[in-house]
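# Observations on the three-dimensional arrangement
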Amino acid sequence: MSVQRSLIAPTAHPRLEDALRLKLQRRGETAGSLGELEPLAVRLGLIQNTLKPRLHQPQLMVFAGDHGLVVEGLTPPGASTLSLVTDLLAGRLPMAVFSFIQGMNISVIDAGLADELGPHPALLQRKIGFGTRNARFAAAMSVDQAHAAIRAGMEMADTMPGNVLACAGIGIGSHESAAMLISRIADAPIAGLLQTQDALPSEPLLGVLDAVRTRHDGVTDPVEVLAAFGGFEIAMMVGAMLVAASKRHLIMVDGVPACAALLVASRIAAPVTDYVVFCRSHSHPGLDQAMGIFQASALLELGMESTDGTGATLAWPLIHSAAALLSEVVEGEDAGPTLPSSALMPEAAEAQRSGPRSL
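Residues numbered from 1 in each chain as written. Predicted model: local features only at pLDDT ≥ 70, side-chain atom pairs only at ≥ 80, totals over all residues. Heavy atoms only, no water.

Of the regular secondary structure elements, the chain holds 14 helices and eight strands. Taken across its 359 residues, the chain has 54% of its residues classed as buried. For the chain, long-range pairs separated by at least 24 residues make up 75% of all intrachain contacts whose partners lie at least 6 apart in sequence. Of the accessible surface of the chain, which amounts to about 15000 Å², a share of 54% is contributed by carbon and sulfur atoms. (Helix = DSSP H or I, 4+ residues; strand = E, 2+ residues; numbered from the N terminus. Buried < 20%, exposed > 50% of the residue type's maximum accessible area, 1.4 Å probe, protein only. Contact = heavy atoms within 4.5 Å. Areas by Shrake-Rupley, 256 points an atom, 1.4 Å probe, with all protein chains shown as cover.)

Below, the structure is given as structure tokens:
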């Protein structure tokens, strides 16, 4: 793995955290408290290691891939990843509209669709394979393919503009693949990860997934687990998250596949979770259980059932506002650096002297 763990620094900085809280407290004495925006603002300050966090050019990256396991009848007849991606690119999904009006740049990444797609300004062709293999009979992908997908995600995140990365994974079978991955790495019951608002997963579905997990019973290394259960879209998010965190960028996570990617990334470099905001919950308790593994809750609780990525477009205005609470509200501060170099973390002090760090 070409990302060194030492490049991802923990955001813990007690002196800066105290200063951020004091700044918000002083403002609250005259303007009133802004509730949950305040701890979010503190997190953003810690992520950027400054009293004045500024977020710009948010990138919503929607990673799409097909899964060989769908031949086992896991999904309703007629469901298609291709049609979902086509609708997204054509602006027929709320996510596309919301991203436009919120000023988020949206990119759809073909990580491993079973079909070819024609060129489109918002489509990035990074196909590792035409869908994964059926994990019931073999590893969904080879370890080499998993590494290739992780590297592709790293390359995309390394060249993206801005300092905000929102991640979502889509694809028929992606949720089931992610649930198996989370279940194995976190030793969590898979039924809970697939639970809907109304019912537990069906017995036939659990039977198929139990057979898959038994087939790969001895696999425990995070990247090997990723390869065993799939998919290409999850692997690419792993790489993108690692690089984003190494640059001290904010990572917005939306959906169970993105949670699965974060779990793998956190086993490679634990501090990556310091840079994450979970965007929204929905009526599937499985997502809440996935977030519970990180001892986290969602920024938004809207009960939405929409495509993963939609929550990121709605969470972005709140996140942007939380940063502005510290950086844009006038309070007589001097312009320029907001902390003396002695108070900065070593990585940030060096960055101020030498400019942005490249990988």
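Read across the open sheet, the six strands follow the order β3-β2-β1-β4-β5-β6; overall the sheet is parallel. Where the open sheet ends on each side, the last strands, each with one partner, are β3 (123-125) and β6 (276-278). The mean inter-strand angle of the sheet, taken between neighbouring strand axes irrespective of direction, is 25°. In terms of strand pairing, strand β5 (residues 250-253) meets β6 through three bridges, oriented parallel. Bridging from a neighbouring strand, M252 pairs with V277 of β6. The strands touched by helix α13 (residues 310-327) within the sheet are β1 (59-65), β4 (164-170), β5 and β6, with β5 carrying the most contacts at an inclination of about 140°. (Pairing = 2+ DSSP bridges. Axes fitted to C-alpha atoms, helices over the stretch in contact; angles between N-to-C directions.)

With that settled, consider the nonpolar core. Soluble globular proteins tend to bury their nonpolar side chains together. By size, the foremost hydrophobic cluster in this structure holds 121 residues, and its most contacted members are M241, M252 and I319. It is helix α10 (residues 232-246) that provides the largest number of residues to this core, a total of 12 residues. Excluding its chain neighbours within four sequence positions, the residues that come into contact with M241 are L165, C167, I251, V253, A258, A261, L262 and V272. (Core = buried A, V, L, I, M, F, W, Y, C linked by side-chain atoms within 4.5 Å.)

This paragraph deals with the packing of aromatic side chains. Summed over all chains, the structure comprises one aromatic pair. Here the aromatic rings of F278 and F294 are separated by 5.5 Å at their centres, their planes lie at 35°, and the arrangement is tilted. Of this pair, F278 sits in strand β6 while F294 is found in the loop between α12 (285-293) and β8 (300-304), placing the two residues 16 residues apart along the sequence. The pair formed by F278 and F294 is uniform in burial state, with each residue classed as buried. (Phe/Tyr/Trp six-rings, centres within 6.5 Å; stacked < 30°, edge-to-face > 60°.)

An α-helical turn contains 3.6 residues, so a residue and the one three or four places further along point in the same direction. Between the first and last C-alpha of helix α1 (residues 14-31) there are 25 Å, a value that for 18 residues agrees with the 26 Å anticipated at 1.5 Å per step. Turning to α1, its buried residues are L16, L20, K23, L24 and R27. One side of α1 holds all its buried residues, which, seen down the axis, span an arc of 90°. Exposed residues pointing more than 90 degrees away from the buried face of α1 are listed as P14, R15, D18 and E29. Of the surrounding elements, those touching the buried residues of α1 are α2 (37-48) and α13. In the segment just after α1, G32 is the residue with positive phi, at about 90°. (Expected span 1.5 Å × (residues − 1). Arc of directions from axis to C-beta.)

Taking every second residue as pointing to the same face, both faces of β5 are buried, with L250 and M252 on one and I251 and V253 on the other. Pairing of β4 with β5 involves four bridges; the strand directions are parallel. If you follow L165 over to β5, its bridge partner there is I251. Crossover handedness for the path β5 to helix α11 (residues 256-268) to β6: right-handed. (Right-handed = clockwise from strand over helix to strand, strands pointing away.)

Two elements in contact, helix α4 (residues 94-101) and α13, have axes separated by 8 Å at closest approach and are oriented at 20°. By the angle between their directions, the pair α4 and α13 is classed as roughly parallel. Helix-helix and strand crossings are classified by hand; for α4 and α13 the assignment is left-handed. Contacts from M95, F98 and S99 of α4 reach α13 at T310, T313 and L314. (Parallel < 35°, antiparallel > 145°, perpendicular 65-115°, else oblique. Left-handed = near helix turned anticlockwise from the far one by under 90°.)

Quick look at the pairing of β4 now. The element β4 is extensively covered by neighbouring structure, given that seven of its seven residues are classed as buried. Here β4 shows two buried faces, one formed by V164, A166, A168 and I170 and the other by L165, C167 and G169. As paired strands, β1 and β4 are joined by six bridges and run parallel to one another. Across the sheet, the residue bridging to Q59 is L165, located in β4.

Considering every residue of the chain, the mean pLDDT works out to 88; 88% of them sit at 70 or more. Here residues 1-5 is modelled with pLDDT under 50, and outside its nearest four sequence neighbours on either side it reaches 13 contacts, counting other chains as well. A low-confidence stretch, residues 346-359 (pLDDT under 50), is modelled with 12 contacts involving residues beyond four sequence positions or located in other chains. (pLDDT = per-residue confidence, 0-100.)

Of note, S266 is situated in helix α11. What S266 contacts, discounting residues up to four positions off in sequence, is V272, T273 and F294.

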